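# Overview (structure and organization)
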Amino acid sequence: MSMTFEALCTSLESKPPVRLQVQDLSVTYSTSKGPVRAVSQINFDVEPGTNFGLVGESGCGKSTVVKSLMRLLPDSAKVGGKVLLDGKDVLAMDRKALAAVRWTQIALVTQSAMNSLDPVFTVGDQIVESIRAHVDVSHAVAWARAEQMFAMVGLPAERLREYPHQFSGGMRQRAVIAMAFSLNAGLLLADEPTTALDPIMQDQIMSRIRDIQQRLHRSMVLVTHDIAVVSETCETVAIMYAGRIVEMGPTRDVLNKAYHPYTMGLQNAFPRIRAKGESKPPLISISGGLPDLLHPPKGCRFEPRCPFSTERCRAEDPELRPVGTVMAACHHIDRAEEFRRAALKAETWRVEEDVQ
Amino acid sequence: MRAYILRRLLQSMLVVFVVTTIMFFMFRVMPADPTTMFLEGGMTEEARQVLLEEWGLNGTLWEQYVRYMGNLLTGDFGNSFFYRKPAWDVLWPFIINTLWIAVPGLLLGAVIGSGLGMIVGWAPRGGKVERSGILLATIIRGAPSFVVGIMLLAIFSSWLNWVPGYGMGDPQGATGLMRYLNWDFAHHLILPLCAVIIFFIPENLLLMRSGVVEARTEDYIELVRAKGVSEGRVAWHAGRNSMLPLITWLFPALAETIAGIVVVEIVFSWPGVGRELVLAVVRQDYPVAQAAFFLMSIMIVLANLAADLTYSKLDPRVVYK
Ligand SMILES: Nc1ncnc2c1ncn2[C@@H]1O[C@H](COP(=O)(O)OP(=O)(O)O)[C@@H](O)[C@H]1O
Ligand code: SF4
Ligand SMILES: [Mg+2]
C-alpha cells in the first residue's frame, strides 16, 4: 500500500537534521601526468542544523570535497578517510546502502545552474524520479510533493510540465533547489549554488536558500568563494587552500580575527562590511596562482604567495592547530596581530593591480 | 508543425522528381539499344517499331521523358524488357523478399547495436569491456561487407551444415502469407538476416558509445546519480540523451545500408530487390532499374523526414516552424 500525500509530508517533516563528521579525507586523482592530490587529509564537523561554509579560490578542491561526501567522484579518484553521516561511514557503504542515503540524507545543489537538469525530461518528472526512487508513493503523490516544493521556491506549479530549456538560469537553479528539498534530506550540499547566475539573481537565490534552511532546520555545507555570503549564512567556516583546510572556526571569529595570511588576503579581495564613516578600502587580490598539485611545495603550500614567509615556511609544512577559538595552519600564528595590520596595505601583497 | 511537415513533403517530392529525371536520362544516354539485346535476329523493322512503342522507346528523348513521367504519376512504371511484363509486377515480390531481411535486420541491428553501445559506453574507460567492444565494432566495420556474409556461410552452412546457404527455399505450392510462414523459409532466412544485423551493429554501437561517454560526464548525470536511483536508471538518462545523435544518423544511413543489403542478397543468393536491381542494370532492363531507384529515392526521403520527426519527439528543445 503506497503512502498518501499527507503521510509522505508528515514522515518527511519529522526527519532530524544530520550530523556530518569528515575525518582525514584525502582525494587523489590519477591522471596521465601522475597523481594529483586534490584533497589532503582534511577534517571538519557539521553540527546538526548548522551551516558550514567552505571557502577558497577556484581549483583548491572544494567541489572534490563535496562530491566525495556523496561518492560522486569518477573512478580515477582514490578517496581515503571517513565521511560519517550520523556516525555511519559513507565511504564504507555498499551500493545499496549508498543509494539509500543519497537524497534521503544528503542532497545536492550543483555548481552549474544550466546543465544540472536532464534536457530531455520534464522538470516535474525529474523531481518525481528523486522521490519515487526512495519512497513508495504513486506518481500523483510525488507530483503533489513536487508542486509543494515548487511553491516553496516561488515557481508556479504548471511549469513542472516544462523542460529545462524553457526555464531561465535563475528558474533552473530554483528548480534544482526544489528538487534538493524533495525528500527533506538532513544535509544539503550546495556547491557554489549561484555562481552561474547574474548578481541580482545570486542574492535572490542565496536568501531563498537561507530562508528555507532556517525554516526546515537542515544542516548544510555551502561552497562559495564569496566571503560576504558566508558571513551572512554560515555559523562555521573553513578556508581551503590547495587541498588543505588552512583555517577553520566560527565564521565571525575567522573573519574578524584571521590567523592565516591566506584568509587575510582573501578578505582583501572582497568588499568588507565597515563601520560608518570608515573609508572604502581598496580591493587587493593575492598575486600568483595555486601551486601545481602534481608537485606540491615541500613546505607551506601558500609559501610562494605569502608576503610573510620565512625559511621555516619553505622547509616545513605547517599543521592545523588551535589558536583562540579557531584553528589555523601557519608557522607564525604568534605574529598574526602584526600580519593583520600589514595585510591591509596593498604593497604588502606585492601587487599594484587594484581590482576596482 | 503541420506546416513544417507539409513543406518537408514538398521538398521531398522535389528531390524524388529530380532523382527520377536524372535516372531517366542516365539510362537513356547509356549506349546500346535494348531492342538489339532481346530481339531474335531476323526481326522485321516493322516488328521492331512495334516493340519500341510497347517499351516507350519511340519518339524523341523529350517525348519519351514526358510520357514516362506522366505514366509514373498513374503508377505505371513501364514494362520490363526482360520479363515482358509491368516492371511493378516484376519488382514487388522481390521487394517483399527484401523487407523480410531488411526490416527485422535493421531493427534488431539498431536495438542490439545501441544496447551494446550503451554497455560499452557505460563500462569503465580503458577497461576490458570498452576495449573489446570498440575492437569488435571496428573490425566488423572495417572488413569488406561481403566478408561477414561469406564467413557466416562458411561456418554455419558449409562447415556445421546447420542452415542452407542459398536462396529462399521452396514454397512447395504454398501461396500468400503461407509462403513465408513455414519452417523452411525461416531456415533460409536466418543466415542472411544475421548478416544484415551484424552489418548494422558497429555504427550503432560506436555512435551510441560516444554519445554515452560524452553524456556520462555531464552535470545532469551526476545529479541523477546523486538522487540515489539505480545505476541502470542513470545509464538510461545517458542513453536517452545519446539517442539524439543516433537518430540523426540512423535514418539517412538507410541509404548506405541499401548497399549492404545488396551485398547480403548477392552473397546469399537471396532473391531481393537489391540483387534484382543489379541484375536489371546488367540486363539493361531500364524500366525495372528505374522503378527500383524511384522506390529507393522515395524510401530515403521518407526516412529523412521520419528522422526529423522522431528527433523532435525525442528532443524537446527542437521546435519546427
Ligand atoms: N576528474 C578530475 N581529474 C583530474 N583532476 C581533477 C579532476 N577534477 C578536479 N581535478 C583537479 O582537482 C583540483 C580541485 O578541483 P575542484 O575540486 O574542482 O576545485 P574547486 O571546486 O575548488 O574549484 C584541481 O586542481 C583540478 O584540476
Ligand atoms: S606558514 Fe609561512 S608561508 Fe605559510 S602562511 Fe604561514 S607565514 Fe605564510
Ligand atoms: Mg568547484
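Residues numbered from 1 in each chain as written. Chains lettered and ligands numbered in written order. Predicted model: local features only at pLDDT ≥ 70, side-chain atom pairs only at ≥ 80, totals over all residues. Heavy atoms only, no water.

## Quick word on the domain arrangement of chain B
All names here are of chain B.
- The domain boundaries assigned to chain B delineate domain 1 (2–73) and domain 2 (87–314).
- Taking only C-alpha atoms into account, the centre of domain 1 sits 32 Å from that of domain 2.
- Every contact between the two is made by 21 residues of domain 1 and, on the other side, 16 residues of domain 2.
- Around 1,700 Å² of area is buried between domain 1 and domain 2 when both sides are counted, 71% of it from carbon and sulfur atoms. (Domains from an automatic or database assignment. Contact = heavy atoms within 4.5 Å. Buried area = accessible area lost by both parts, 1.4 Å probe.)

## With respect to helix 1 (residues 5–13) of chain A
All names here are of chain A.
- All of the buried residues in helix 1 are Leu8, Cys9 and Leu12. One side of helix 1 holds all its buried residues, which, seen down the axis, span an arc of 95 degrees. Projecting away from the buried face of helix 1 at angles above 90 degrees are the exposed residues Glu6 and Thr10. (Buried < 20%, exposed > 50% of the residue type's maximum accessible area, 1.4 Å probe, protein only. Helix = DSSP H or I, 4+ residues; strand = E, 2+ residues; numbered from the N terminus. Arc of directions from axis to C-beta.)

## Here we look at the site of ligand 2
All names here are of chain A.
- What surrounds ligand 2 is a group of 13 residues, the closest being Cys300, Cys306, Cys313, Cys330 and His331.
- Given that more than half its atoms are within 2 Å of the pocket grid, ligand 2 belongs to the second largest cavity.
- Its residues assigned to classes, the shell around ligand 2 comprises eight nonpolar, four polar and one charged. (Near = heavy atom within 4 Å. 1 Å grid on protein atoms, 1.4 Å probe; cavity = no way out; pocket = protein on both sides within 12 Å on 5 of 7 lines; lining within 4 Å. Sits in = over half its atoms within 2 Å of the grid points. Nonpolar A, V, L, I, M, F, W, Y, C, P; charged D, E, K, R; others polar.)

## Here we look at the sheet that holds strand 7 (residues 187–191) of chain A
Residue and element names in this part refer to chain A.
- Strand order in the open sheet made by the eight strands is 6-7-8-3-9-10-12-11, with mixed pairing throughout. Across the chains shown, the open sheet's two edge strands, defined by having one partner strand only, are strand 6 (106–109) and strand 11 (321–323). The average undirected angle you get between the axes of adjacent strands in this sheet is 20 degrees.
- Where helix 2 (residues 62–69) meets the sheet, its contacts fall on strand 3 (51–55), strand 6, strand 7, strand 8 (219–224) and strand 9 (236–241), and the angle it forms with strand 7 comes to roughly 150 degrees. (Pairing = 2+ DSSP bridges. Axes fitted to C-alpha atoms, helices over the stretch in contact; angles between N-to-C directions.)

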